[in-house]
Amino acid sequence: MFSGSSNSPRRLVSTLGTPLLVTVIAVMIYTLFFGWGLLSGRIPAERAYVLLAVLCLVPAVWYLVGFLRLEGQDFGLALSSLGWFMAALLLFWRHLATRSALAQGLRLDQVPDSAASWVFALLCLAAIIGGAVASGRYWLAKNAT
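Just so you know, these numbers come straight off a predicted model, no measurement behind them.

**Observations concerning a nonpolar patch on the surface**
Here comes step 1: A surface patch of nonpolar side chains, about 470 Å² in accessible area, is lined by L57, V61, L64, V65, L68 and F85.
Here comes step 2: Ranked by residues supplied to the nonpolar patch, first place goes to helix 3 (residues 48-69) with five residues.
Here comes step 3: Among the secondary structure elements, V61 is positioned in helix 3.
Here comes step 4: The exposure class assigned to V61 is partly exposed, which follows from its relative accessible area of 44%.

**Observations regarding the packing of helix 4 (residues 75-103) against helix 5 (residues 115-144)**
Working note: a packed helix pair is described by the angle between its axes plus the distance between those axes.
Here comes step 1: Contact pair helix 4 / helix 5: the axes reach a minimum separation of 7 Å and the direction vectors enclose 160°. Taken together, the axes of helix 4 and helix 5 lie roughly antiparallel to each other. Like other packed secondary-structure pairs, helix 4 and helix 5 cross with a definite hand, here left-handed.
Here comes step 2: Among the residues making up the contact of helix 4 with helix 5, the classes are represented as 17 nonpolar, seven polar and one charged.

**Some details on helix 2 (residues 18-40)**
Working note: α-helix, 3.6 residues per turn, so residues spaced by three or four point in the same direction.
Here comes step 1: In this model helix 2 runs 33 Å from its N-terminal to its C-terminal C-alpha over 23 residues, within 8% of the 33 Å that 1.5 Å per residue would give.
Here comes step 2: For helix 2, the full list of buried residues reads L20, F34 and G37.
Here comes step 3: Taken from the residues just after helix 2, G41 is the one with a positive phi, measuring 90°.

**Things to note about the state of the cysteines**
Here comes step 1: By the definition in use, this model includes zero disulfides.
Here comes step 2: For the unlinked cysteine C56, the closest cysteine sulfur is that of C124, found at 7.9 Å.

**Some remarks on helix 4**
Here comes step 1: In a regular helix each residue adds 1.5 Å, so 29 residues correspond to 42 Å; helix 4 covers 42 Å between its end C-alpha atoms and thus fits that length.
Here comes step 2: Where helix 4 begins, one side-chain oxygen reaches toward the backbone nitrogen of G76, 3.1 Å away; that side chain belongs to D74.
Here comes step 3: With its phi angle positive at about 90°, G105 sits one or two positions after the end of helix 4.

**Here's the deal with the side chain of S80**
Here comes step 1: Along the chain, S80 turns up in helix 4.
Here comes step 2: Taking relative accessible area as the criterion, S80 reaches 6% and is therefore assigned buried.
Here comes step 3: Not counting the four nearest positions on each side in its chain, S80 is found in contact with Y63, A127, I128, G131 and A132.

**Some words on the confidence of the model for the protein**
Here comes step 1: Scored by pLDDT, the protein comes out at a mean of 85, with 88% of its residues at no less than 70.
Here comes step 2: Within the model, the stretch residues 1-5 combines pLDDT values under 50 with three contacts to residues more than four positions away or in other chains.

**Observations concerning the packing of aromatic side chains**
Here comes step 1: In total, this model carries three aromatic pairs according to the counting rule given.
Here comes step 2: On the basis of an interplanar angle of 15° and a centroid distance of 6.3 Å, the ring pair of Y30 and F34 is categorised as stacked. Pair noted here: Y30 and F34 are both in helix 2, with a separation of four residues, about one helical turn.
Here comes step 3: For Y30, a relative accessible area of 27% puts it in the partly exposed group.
Here comes step 4: Ring plane angle 50° and centroid distance 5.7 Å describe the contact between F67 and F75, whose orientation is recorded as tilted.

Cut-off values and rules
- Residues numbered from 1 in each chain as written.
- Predicted model: local features only at pLDDT ≥ 70, side-chain atom pairs only at ≥ 80, totals over all residues.
- Heavy atoms only, no water.
- Patch = residues over 30% accessible without salt bridge, like charges linked within 9 Å, V, L, I, M, F, W, Y side chains within 5 Å.
- Areas by Shrake-Rupley, 256 points an atom, 1.4 Å probe, with all protein chains shown as cover.
- Salt bridge = Lys/Arg side-chain N within 4 Å of Asp/Glu carboxyl O.
- Helix = DSSP H or I, 4+ residues; strand = E, 2+ residues; numbered from the N terminus.
- Buried < 20%, exposed > 50% of the residue type's maximum accessible area, 1.4 Å probe, protein only.
- Axes fitted to C-alpha atoms, helices over the stretch in contact; angles between N-to-C directions.
- Parallel < 35°, antiparallel > 145°, perpendicular 65-115°, else oblique.
- Left-handed = near helix turned anticlockwise from the far one by under 90°.
- Nonpolar A, V, L, I, M, F, W, Y, C, P; charged D, E, K, R; others polar.
- Expected span 1.5 Å × (residues − 1).
- Disulfide = S-S within 2.5 Å.
- Polar contact = N/O pair within 3.5 Å; in protein donor to acceptor, adjacent residues only side chain to side chain.
- Contact = heavy atoms within 4.5 Å.
- pLDDT = per-residue confidence, 0-100.
- Phe/Tyr/Trp six-rings, centres within 6.5 Å; stacked < 30°, edge-to-face > 60°.

Below, the structure is given as structure tokens:
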């Protein structure tokens, strides 16, 4: 199944392209440094939400690029992109709420969840899952012909 020249690692890299490879390596390095900094205390915990929001922008932009490269045919990619952008906005919203709570003298474990955060989270999940379903249906219909 995985043997043969069509599935060789060299062919995989040439198919996916250098931008994807660079993006994956950059995200891995960012995640390792972010996790290490957070666990070691070098990055304050109140900054975690905004740093996680940056990671959500990667799939958002990647799906948007895929949607544009397919000339708007796969709306599932656009919906997934919207979901990841909303996830980044949710995390940024949580960052602002955390900063506000800390300014009022609360501890990190006392920062309340807002109803808007839960609505945003549900919308993010719905968009990402709906995008995956729509994209899967698009590709199944495209490959059925």
